[in-house]
Amino acid sequence: MSVFGKLFGAGGGKAGKGGPTPQEAIQRLRDTEEMLSKKQEFLEKKIEQELTAAKKHGTKNKRAALQALKRKKRYEKQLAQIDGTLSTIEFQREALENANTNTEVLKNMGYAAKAMKAAHDNMDIDKVDELMQDIADQQELAEEISTAISKPVGFGEEFDEDELMAELEELEQEELDKNLLEISGPETVPLPNVPSIALPSKPAKKKEEE
């Protein structure tokens, strides 16, 4: 029997079927932890009180001081026991929380697996392959159509390559002849000589009298 089976009585047939849910068990453990924590606080206060009483009586009343110290020791022993119990309960609670988390995770994964299986039930691998082949064929056809559309169409566009080359060479020769003529230039016409006699200078204007 597992630790949780022993703790929650899941070993018997009736207990196993009607046992507490993980959430209920976790909540009960938390309640127990809270109760023990309050008990801890109570014992710590009692220990402090007994220590104060022992100091107060001191050598004046040794009997009362010793009784206070004995009570203090009992409280400390109870406090240590509660510390150990809290550690055990905390371990059980954390283990149960982890187990509950794992259960929920597996449950959700199983739910997702069923959904995926249901989605794949409507799929046939042969049909998938056939569909992908159809898509590839349509893409190839689309490329062929695009190529055909992009080609220029019209009548009388079949020309003789030799005739075109001959015409091009003729145009190049004409351009070359034109450039040669521009380099040699037309005949130069002589310009008239500059006169050697100095021209009379323009008389200066007389200043107007004020």
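Located above this text is the structure these notes cover.
Here is what the cut-offs are and how they apply
Residues numbered from 1 in each chain as written. Predicted model: local features only at pLDDT ≥ 70, side-chain atom pairs only at ≥ 80, totals over all residues. Heavy atoms only, no water. Helix = DSSP H or I, 4+ residues; strand = E, 2+ residues; numbered from the N terminus. Buried < 20%, exposed > 50% of the residue type's maximum accessible area, 1.4 Å probe, protein only. Areas by Shrake-Rupley, 256 points an atom, 1.4 Å probe, with all protein chains shown as cover. Core = buried A, V, L, I, M, F, W, Y, C linked by side-chain atoms within 4.5 Å. Contact = heavy atoms within 4.5 Å. Salt bridge = Lys/Arg side-chain N within 4 Å of Asp/Glu carboxyl O.

Let us look at the overall build of the protein. Along the backbone of the protein there are six helices and zero strands. Element order for the protein, N to C, with α for helix and β for strand: α-α-α-α-α-α. Counting the 210 residues in the protein, one finds 11% classified as buried. A total accessible area of about 19000 Å² is found for the protein, and carbon and sulfur atoms account for 57% of it.

Grouped together as the largest cluster of nonpolar side chains are 12 residues: Ala25, Ile26, Leu29, Leu36, Leu43, Ile47, Tyr75, Leu79, Ile82, Leu86, Ile89 and Leu96. Counting only elements with at least two residues in this core, the list comes to helix H3 (22-57) and helix H4 (62-121). Residues in contact with Tyr75, not counting those within four places in the same chain, are Leu43, Lys46, Ile47 and Glu50.

Right, let's talk about the pattern of salt bridges for a bit. Evaluated as defined, the whole model comprises eight salt bridges. The salt bridge involving Glu50 is made with Arg71; its shortest N-O contact spans 3.0 Å. One end of the pair, Glu50, is in helix H3; the other, Arg71, is in helix H4, with 21 residues separating them in the sequence. Within this structure, Arg30, Glu33, Arg93 and Glu97 form a network of salt bridges that share partners.

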